[in-house]
Amino acid sequence: MLNLGTVQTLTILKRTDFGVYLYHPSGSKEERVLLPKKEVPMDAEIGDDLPVFLYKDSDDRLIATMLEPKLTIGKTALLTVKEESKIGLFLDWGLVKDLLLPFKEQTYPAKKGDQVLVSLYIDKSNRLCATMKVYPYLKKESPYKKDDYVDGLAYEDSKQFGTFIAVDHLYSALVPRQVQANPIKLGSYIHARVTAVRPDGKLTLTLQEKAYRQMDKDSEHILTLLENAGGFLPYHDKTDPEVIRRIFGLSKNAYKRAIGHLMKEKKILIEKNGIKKCSF
C-alpha cells in the first residue's frame, strides 16, 4: 500500500525515460508511483528496494522522492515560512514543492522568515498540508519532573484552560490561565517551572519561582512602585484582579501574598483606600 506523507521502502518495478516506477512488495503492482529520473540512483536495478517519501507534485499527482523531508505524518517540526499567499503560508520542508499552511490551521499570525511549529496532515482533497494545531501530536511522557525548569514554545491559547506550550518542541504542556500575571505571546519562547506532572504525562507550568522566592520579588516590585508614586497607591486586597494585573503585572493571589508579607515586615500599611509605605 502506498501511504501519502510517509517514508516507505518500495521496489523498482520498471524503468522509463523519465524515471522508475515503484510499488509496495505486499501490494498490487498496479498501484505504483513514479520516482523522477534525476533522483534515481545511478546503479539502481529492477527489483531493488529504495526508501522514498510520497507526496503530491504541482499537478496533484502522487510522486516519490529520495529527498528527506523535515516533517512526516504524525510528527512535529519547526519550519521556516518561505512565502505568504492569499490561501496561507508556504513552508520550507526540504522538498522541491513547498508545504502549504492554510490560514484556518494557524493559531496565530506568522510572516515570511518566521519559524512555526507544525505537524503534517492529509486534507479533504487528499493533499498534504501543515497545521499549527499540534496539540494531538505532542508527546505526553517527558523526562521532566516537578520543579524542573523547561523551555518551550507558546503555540496556542485557550480562554478556558490557558496557554499551550510545546516543551523542547516535543512535549505537551500548559500554563494555566489563573497563574498568568500577563498574557503569554503566542510564538514566543518561555522559561518555566514544572508545577505538576499529570497522570497522563502532560506538564503543568508556571513562569513564577517557588512561592517564597516569588513573594520576595513581588514585594520588592510593589515597594518600587510605591516609592515612584510618592508612597501611596489606591489599590488594596479588595481591588479587582484585572486592575491588579494591569497595574502590578501580578495575579490577585500573588499581590495579596506580597502586601501581606510587606505589612508583617512593617514596610507598608494596608488602608481602606489603598496601600501606604511606612515612613519609619
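Everything discussed here concerns the structure shown above.
Caption draft 1: Examining helix α3 (residues 252-264) more closely. Under the 1.5 Å per step criterion, the end-to-end length of α3 is 18 Å for 13 residues, consistent within 8% with the ideal 18 Å. Within α3, burial applies to K252, A254, Y255, A258, I259, G260, H261 and L262. Following α3 by one or two positions, K266 adopts a phi angle in the positive range, close to 60°.

Caption draft 2: How the structure looks around the packing of aromatic side chains. Per the stated rule, a full pass over the model turns up 9 aromatic pairs. On the basis of an interplanar angle of 85° and a centroid distance of 6.4 Å, the ring pair of F18 and Y21 is categorised as edge-to-face. Using a relative accessible area of 48% as the deciding quantity, one classes F18 as partly exposed. On the basis of an interplanar angle of 90° and a centroid distance of 5.7 Å, the ring pair of Y235 and F248 is categorised as edge-to-face. In this pair, Y235 is assigned in the loop between β16 (232-233) and α2 (241-248) and F248 in helix α2, connecting sequence segments 13 residues apart. Within the aromatic cluster, the residues linked to one another by ring pairs are F53, Y55 and W93. Above the ring of Y21, the side-chain terminus of R32 is found at 5.1 Å from the ring centroid.

Caption draft 3: Representation of the environment of K159 within the structure. For K159, the location among the structural elements is in the loop between β11 (149-158) and β12 (162-167). We classify K159 as exposed; its relative accessible area is 81%. Measuring from C-alpha to C-alpha, the distance between K159 and E141 comes to 25 Å, with 18 residues separating the pair along the chain.

Caption draft 4: Expanded view of the pattern of salt bridges. The full count for this structure, using the stated rule, is 16 salt bridges. Across the salt bridge formed by D98 and K82, the nearest N and O atoms sit 3.4 Å from each other. Here D98, found in the loop between β7 (88-92) and β8 (99-102), pairs with K82, found in strand β6 (residues 76-84); they are 16 residues apart in sequence, far enough to count as distant. Of the residues examined, K82 reaches a relative accessible area of 38% and is grouped as partly exposed. The salt bridge partner of K111 is D114, with a shortest N-O separation of 3.5 Å. Exposure remark for D114: the relative accessible area of 24% places this residue in the partly exposed category. Linked through salt bridges whose partners overlap, the residues forming this network are K56, D60 and R127.

Caption draft 5: Quick peek at the sheet that holds strand β10 (residues 128-131). Strand order in the open sheet made by the 5 strands is β8-β7-β6-β9-β10, with antiparallel pairing throughout. Edge strands, defined here as strands with exactly one partner in the open sheet, are β8 and β10. The average angle at which neighbouring strand axes cross in this sheet is 55°, direction not considered.

Caption draft 6: Just the sheet that holds strand β17 (residues 268-271), in detail. Spatial strand order, β16-β18-β17: 3 strands in an open sheet with antiparallel pairing. Of all strands in the sheet, those with a lone pairing partner are β16 and β17, marking the two edges. One ladder, built from 2 bridges, connects β16 with strand β18 (residues 274-277); its direction is antiparallel. Looking at the pairing, F232 lines up with K276 of β18. Relative to β17, α3 is tilted by about 120°, and along the sheet it contacts β17 and β18.

Caption draft 7: Up close: α2. Those residues of α2 that sit buried are I244, R245 and F248. One side of α2 holds all its buried residues, which, seen down the axis, span an arc of 100°. In the stretch just after α2, G249 is the one whose phi turns positive, near 70°.

Reading the values: rules and limits
As a convention, each chain's residues are numbered from 1 in the sequence order in which they are written. A pLDDT threshold of at least 70 governs which residues receive local features in this predicted model, and a stricter bar of 80 or more applies before side-chain atom pairs are shown or counted, although totals over entire chains, interfaces and linings include all residues. Working from all heavy atoms in the structure, the side-chain values ignore hydrogens and water. Counting from the N terminus, the helices are the DSSP runs of H or I reaching at least four residues and the strands are the DSSP runs of E reaching at least two. Here the expected span of a helix is defined as 1.5 Å times the quantity of residues minus one. Each residue's exposure class comes from its accessible area (1.4 Å probe, protein chains only) as a fraction of the maximum for that residue type: buried when under 20%, exposed when over 50%, partly exposed otherwise. Centres within 6.5 Å make a pair out of two Phe, Tyr or Trp rings, where for Trp the six-membered ring is used; the pair is then stacked when the planes are under 30 degrees apart, edge-to-face when over 60, and tilted otherwise. Ring-over charges, as used throughout, are those where CZ of Arg or NZ of Lys falls within 6 Å of the ring centre and within 35 degrees of the ring normal. Salt bridge, as applied in this entry: a Lys or Arg side-chain nitrogen positioned within 4 Å of an Asp or Glu carboxyl oxygen. Strand pairing is assigned whenever DSSP detects at least two bridges linking the two strands. In this analysis, axes come from line fits to C-alpha atoms, helices being fitted only over the stretch in contact, and the angle between any two N-to-C directions falls in the range 0 to 180 degrees. Contacts are assigned to residue pairs that have any heavy atoms within 4.5 Å of one another. What the arc describes is the spread of directions from the helix axis to the C-beta atoms.

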